[in-house]
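# Chain and residue survey
This is what each chain is made of:
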Amino acid sequence: MQHFASDNYAGICPKALQALIQANNSGHEPAYGDDSWTTQVCDRIRDLFQTDCEVFFVFNGTAANSLALASLCQSYHSVICHELAHIETDECGGPEFFSGGSKLLTAQGANGKLTPDAIEEIVTRRADIHYPKPKVVALTQATEVGTVYTVEEIRAIAAIAKRRHLRVHMDGARFANAVASLNVHPSEITWRAGVDVLCFGGTKNGLPVGEAVVFFDRALAADFAYRLKQAGQLASKMRFISAPWLGLLDDDVWLRNARHANAMAQRMAARLADLPSVKLMFEPKANAVFAELPAQVATALRAKGWRFYQFIGSGGCRLMCAWDTREETVDRFTDEVRALCLGAAN
Ligand SMILES: *Cc1c(COP(=O)(O)O)cnc(C)c1O
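On a predicted model such as this, the values are computed, not experimentally measured, just so you know.

Strand order across the open sheet formed by seven strands is 1-7-6-5-4-2-3, with mixed pairing between neighbours. Each edge of the sheet is formed by a strand with only one pairing partner; in this case those strands are strand 1 (54–58) and strand 3 (103–107). This sheet shows a mean twist of 25 degrees between the axes of neighbouring strands, independent of strand direction. As paired strands, strand 2 (residues 77–82) and strand 3 are joined by five bridges and run parallel to one another.

Pasting the structure below:
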């Protein structure tokens, strides 16, 4: 059975698994990232972004974000992020812990997005010694509510950041879905727009495990390898984290996976939109649909075995599509929603 709880409910995509098996069949290799697979994937990521970036691999997104932010901040600095940001709500204080105390300063913003005005308000709120000095703006692309920052929006935020001497971090757990949605070159929403560090998600796109931390400003990556090692994020058999990336990068599988997941979300949204008792909460731009379902409908769906998260307000359900979500799964789910809504209305 497939679910809509998260894209990390899905398995490994066949191409990534193939690359993993190939790496396993290639004999002994040096450990801790000095292997030929890791070298090759780092080069491929530099090719992909068309720039000489520094690339590191970690086990998960929490480590990627926490350690990337820690490398941008001193303990007395602060990080500006949206109130729904994963770093604020879902990382158990990891960014604060690994940075030795950098505070997260949250802002509200429509559609899960930070705005230049919100950032400006926080930066200019205080200038005294008693307040943690803002040092980083952290964006999530695609956002936690399934929307996507446009190229112009990122450029505008990066311009404010530059003016205010802030670094720009991007949580790209669903970066692929954003690139696919915008149909732009990945450089256009990262370094060419002013992003300094990207946490490039692979897990939700079809990898078994592992995210890449990509430093576009290489100076910021100084000593990052030590930080990873100390945090327990340096994989000894690193080739088994890096090699599966080849399966994603060859033939743009990462984009194909993302396009498919996005298309399934579009299908879901279209099939829910015409139900009078269902309200779509955000315009779906990536692979998530947020819908308000009548409470008894959500309960009945769960009783039928469907898994999905319900955490934005009461009745707000997050329906997340993955690289392998089948049309039939979307259709069966939405048919059941429809039947339950009609039943509830009678
Ligand atoms: C999934 C996710 C992460 C990574 O979470 P881990 O469970 O630590 O891998 C980071 N940011 C966002 C927005 C996510 O959705």
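Moving on, we come to the site of the ligand. Around the ligand, the structure places Asn 60, Gly 61, Thr 62, Asn 65, His 86, Glu 91, Thr 140, Glu 144, Asp 171, Ala 173, Arg 174 and Lys 204. The side chain of Arg 174 places a nitrogen or oxygen atom 3.0 Å from an oxygen atom of the ligand. The fraction of the free accessible surface of the ligand (390 Å²) that becomes covered by protein chains is 82%. With three residues, helix 3 (residues 61–72) is the largest single contributor of residues to the shell around the ligand. Broken down by class, the residue content of the shell around the ligand amounts to one nonpolar, six polar and five charged.

Let's shift gears to the packing of helix 6 (residues 116–125) against helix 7 (residues 151–163). The relative placement of two packed helices comes down to the angle between their axes together with the axis-to-axis distance. One can describe the packing of helix 6 onto helix 7 by two numbers: an axis separation of 9 Å at closest approach and a directional angle of 20 degrees. Between helix 6 and helix 7, the angle is such that the two are roughly parallel. Along this stretch, helix 6 crosses helix 7, giving a crossing that reads as right-handed. Note on element contacts: helix 7 touches helix 6 through Ala 156, Ile 157 and Ile 160, opposite Pro 116, Ile 119 and Glu 120. Across the contact of helix 6 with helix 7, the residue classes tally to five nonpolar, no polar and one charged.

Considering all chains together, one arrives at 18 salt bridges under this definition. Note that Asp 52 is salt-bridged to Arg 218, the shortest N-O span being 3.0 Å. Highlighted residues: Asp 52 in the loop between helix 2 (36–49) and strand 1 and Arg 218 in the loop between strand 7 (211–215) and helix 9 (224–230), separated in sequence by 166 residues. Arg 218 sits in the partly exposed class, given a relative accessible area of 34%. Taking the shortest distance from any N to any O, the salt bridge between Arg 271 and Asp 331 comes out at 3.4 Å. With Arg 271 in helix 11 (residues 253–273) and Asp 331 in helix 13 (residues 327–345), this pair connects stretches of sequence that are 60 residues apart. A relative accessible area of 26% places Arg 271 in the partly exposed class. Under the relative-accessibility criterion, Asp 331 is labelled buried at 17%.

Mapping Ser 242 onto the fold places it in helix 10 (residues 239–249). Ser 242 sits in the buried class, given a relative accessible area of 0%. Each residue touching Ser 242, except ones within four places of it in the same chain, is listed here: Asp 35, Trp 37, Thr 38, Val 41 and Phe 57.

Turning next to helix 7. The first and last C-alpha atoms of helix 7 sit 18 Å apart over 13 residues, in line with the 18 Å expected at 1.5 Å per residue. Every buried residue of helix 7 is accounted for by Val 151, Ile 154, Ile 157, Ala 158, Ile 160 and Ala 161. Phi turns positive, to about 60 degrees, at His 165, one or two residues after helix 7.

Across the sheet, three strands lie side by side as 8-9-10; this open sheet has antiparallel pairing. In the strand order of this sheet, the two ends are held by strand 8 (279–280) and strand 10 (316–320), each with one partner. Where strand 9 (residues 288–292) lies against strand 10, five bridges are found, and the strand directions are antiparallel. The residue of strand 10 that forms the bridge with Phe 290 is Arg 318. Across the sheet, helix 11 is in contact with strand 8, strand 9 and strand 10; its angle to strand 9 comes to roughly 20 degrees.

You can read the domains of the protein as domain 1 (13–252) and domain 2 (255–345). Counting residues at the interface gives 22 residues for domain 1, matched by 19 residues for domain 2. Contact with domain 2 buries area across many residues of domain 1, yet Val 145, Asn 177 and Asp 252 alone supply 28% of it, more than any other trio. The interface formed by domain 1 and domain 2 holds zero salt bridges in total. On inspection of domain 1 and its partner domain 2, the count reaches eight residue pairs in polar contact (both at pLDDT 80 or more). Taken together, the residues of the side of domain 1 that touches domain 2 break down into 10 nonpolar, seven polar and five charged.

For the bond from Gln 141 to Ala 142, the omega torsion is -10 degrees, close enough to zero to count as cis. Relative to the assigned elements, Ala 142 resides in the loop between strand 4 (133–140) and helix 7. One non-glycine residue, Asn 183, lies in positive phi territory at about 55 degrees. You can see Asn 183 is positioned in the loop between helix 8 (175–182) and strand 6 (197–201).

How each quantity is defined
- Residues numbered from 1 in each chain as written.
- Predicted model: local features only at pLDDT ≥ 70, side-chain atom pairs only at ≥ 80, totals over all residues.
- Heavy atoms only, no water.
- Pairing = 2+ DSSP bridges.
- Helix = DSSP H or I, 4+ residues; strand = E, 2+ residues; numbered from the N terminus.
- Axes fitted to C-alpha atoms, helices over the stretch in contact; angles between N-to-C directions.
- Near = heavy atom within 4 Å.
- Polar contact = N/O pair within 3.5 Å; in protein donor to acceptor, adjacent residues only side chain to side chain.
- Areas by Shrake-Rupley, 256 points an atom, 1.4 Å probe, with all protein chains shown as cover.
- Nonpolar A, V, L, I, M, F, W, Y, C, P; charged D, E, K, R; others polar.
- Parallel < 35°, antiparallel > 145°, perpendicular 65-115°, else oblique.
- Left-handed = near helix turned anticlockwise from the far one by under 90°.
- Contact = heavy atoms within 4.5 Å.
- Salt bridge = Lys/Arg side-chain N within 4 Å of Asp/Glu carboxyl O.
- Buried < 20%, exposed > 50% of the residue type's maximum accessible area, 1.4 Å probe, protein only.
- Expected span 1.5 Å × (residues − 1).
- Domains from an automatic or database assignment.
- Buried area = accessible area lost by both parts, 1.4 Å probe.

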